[in-house]
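# Architecture and fold: a report
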Amino acid sequence: MKERDVNDAQETSTPLEGKVSAGVLAVVVVAAAFASDRWIPNSLLSLPLLIAALIAAIVTWWGVPKLRGLKLGQVIREEGPQAHLSKSGTPTMGGLLVVPVGVIVGSLISWSGQAAEQLLAVAFITLAYMVVGGIDDWRSLTKHTNTGLTPRGKLLLQALAAVIFLIWAGMRGWISGDVALPFDITLPLGWLIWPLAVFVFLAESNATNLTDGLDGLAAGCGALVFTGMALQLTLRGNSGDPSLAGFCMAMAGCWLGFLVHNRNPAKVFMGDTGSLAMGAALTAVALLTNSLWPLLVMGGVFLAESLSVIIQVWVFKATKGADGVGRRVFRMSPLHHHFELGGTPEQLVVPGFWIATAALVLIGIMLRPL
């Protein structure tokens, strides 16, 4: 499809379309939380969800003008879809407004014992990645480019925060060397769990970062995956963790509240400040609750987005000729841009990815470890 046609498709949408799809997603998440509280013993998911969503929506409503006043407008990369150039100047770093809301509400679920300390550890790594993302966003804004920290510098900071968290968790014996799989199968990794854990922190946070490319895409997918993680923990009974399940629902709530303002047409973007924190929180919960398998399945959209970039770069470099041009598997990566440039408007790509995530969440719940 020609570039002009893509722009025309974007312009024919109305704000109502984004409102309706976001509303349906919110109903699904809230209904899942209330159903869990109604039929699953010891489930308390709806309260942290609703409190975090309400506070996040209010804080974002208050904070967007502040971000705009600070001139924290997104710089759109020139090599991206041309239809996105109209989004230039939209306030970014919205993660600063809502991530602390989810962390604070989630951390108040338990006040004592191991549960409280684990919540503190998850809060630490989530906020640490928010700070790394904030530094990256700030450097991008001050340099007036779409590049902030160098890739190596960004990874080093992420790895450092992950190692601190893992030392904390390792000293308390919170992380098992056996990875739980469906059908009562375990994968014994022993000490290999530690390098795997660092890899998952880096991979998951950067995957959620890559997914944050369309209005409401990462926020909606994140809300669904956090909800799925909470549900599978609740359903696992004694092998689950009700406090971390509640933390997940608080994080799901903060992204639902953010979605009120981030849905198409977005009034604010989360930036690396929000997307890196999202991936870090999911990874930390997965490691502490032996839920790496559910995260892999439920976060399949995040994985696909990341793989699309890896495949695109690898094939391009492998087939690059003397003229410096190589082949491309996708029209553009990450994957959501491939569909955009194929003629599917943003307002259909986003709910399509949400539906895919919801389906993966259901599969992850059905194939949850025992």
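On to the environment of Pro242, then. Take Pro242: it is sitting in helix H9 (residues 242-262). When its relative accessible area of 57% is taken as the criterion, Pro242 is described as exposed. Expressed as a C-alpha distance, the spacing of Pro242 and Ala162, which sit 80 residues apart in the sequence, is 23 Å.

What follows deals with the pattern of salt bridges. With the rule as written, the count across this model stands at three salt bridges. Between Arg172 and Glu117 there is a salt bridge; the shortest N-O distance is 2.7 Å. Of this pair, Arg172 sits in helix H6 (residues 151-172) while Glu117 sits in helix H5 (residues 113-143), and the two are 55 residues apart along the sequence. The class of Glu117 is partly exposed, set by a relative accessible area of 23%. Between Lys154 and Asp136 there is a salt bridge whose closest N-O contact spans 3.2 Å. Of the two residues, Lys154 is situated in helix H6 and Asp136 in helix H5; the sequence distance between them amounts to 18 residues.

Now for the side chain of Gln232. Tracing the sequence through the fold places Gln232 in helix H8 (residues 217-235). Separated by 3.1 Å, the side chains of Gln232 and Arg236 make a polar contact. For Gln232, the contacting residues outside a window of four places in its chain are Ser291, Pro294, Met298, Arg368 and Pro369.

A complete count under the given rule lists five aromatic pairs for this structure. Their ring planes at 50° and their centres at 6.3 Å tell us that Phe124 and Trp168 sit as a pair that is tilted. Highlighted residues: Phe124 in helix H5 and Trp168 in helix H6, separated in sequence by 44 residues. Summarising the aromatic geometry, the rings of Phe165 and Phe201 are spaced 5.5 Å apart at their centres and angled 75° between planes, so their arrangement reads as edge-to-face. In this pair, Phe165 is assigned in helix H6 and Phe201 in helix H7 (residues 193-211), connecting sequence segments 36 residues apart.

On the secondary structure map, Asn209 appears in helix H7. Judged by relative accessible area, Asn209 falls into the buried class, the value being 15%. Residues contacting Asn209, with those up to four places away along its chain left out, are Lys154, Asp272, Ser275 and Leu276.

The full count for this structure, using the stated rule, is one cavity of 30 Å³ or more. For the largest cavity, the calculated volume is near 50 Å³. Forming the boundary of the largest cavity are Ile175, Ser176, Asp178, Val179, Ile193, Ala286, Leu287, Asn290 and Leu292. Looking at the lining of the largest cavity, the elements that each hand over two or more residues are strand E1 (178-181) and helix H10 (271-288). In terms of residue class, the lining of the largest cavity is built from six nonpolar, two polar and one charged.

Parameters and conventions
Residues numbered from 1 in each chain as written. Predicted model: local features only at pLDDT ≥ 70, side-chain atom pairs only at ≥ 80, totals over all residues. Heavy atoms only, no water. Helix = DSSP H or I, 4+ residues; strand = E, 2+ residues; numbered from the N terminus. Buried < 20%, exposed > 50% of the residue type's maximum accessible area, 1.4 Å probe, protein only. Salt bridge = Lys/Arg side-chain N within 4 Å of Asp/Glu carboxyl O. Polar contact = N/O pair within 3.5 Å; in protein donor to acceptor, adjacent residues only side chain to side chain. Contact = heavy atoms within 4.5 Å. Phe/Tyr/Trp six-rings, centres within 6.5 Å; stacked < 30°, edge-to-face > 60°. 1 Å grid on protein atoms, 1.4 Å probe; cavity = no way out; pocket = protein on both sides within 12 Å on 5 of 7 lines; lining within 4 Å. Points joined across faces, edges and corners; volume = space filled by probe spheres on them. Nonpolar A, V, L, I, M, F, W, Y, C, P; charged D, E, K, R; others polar.

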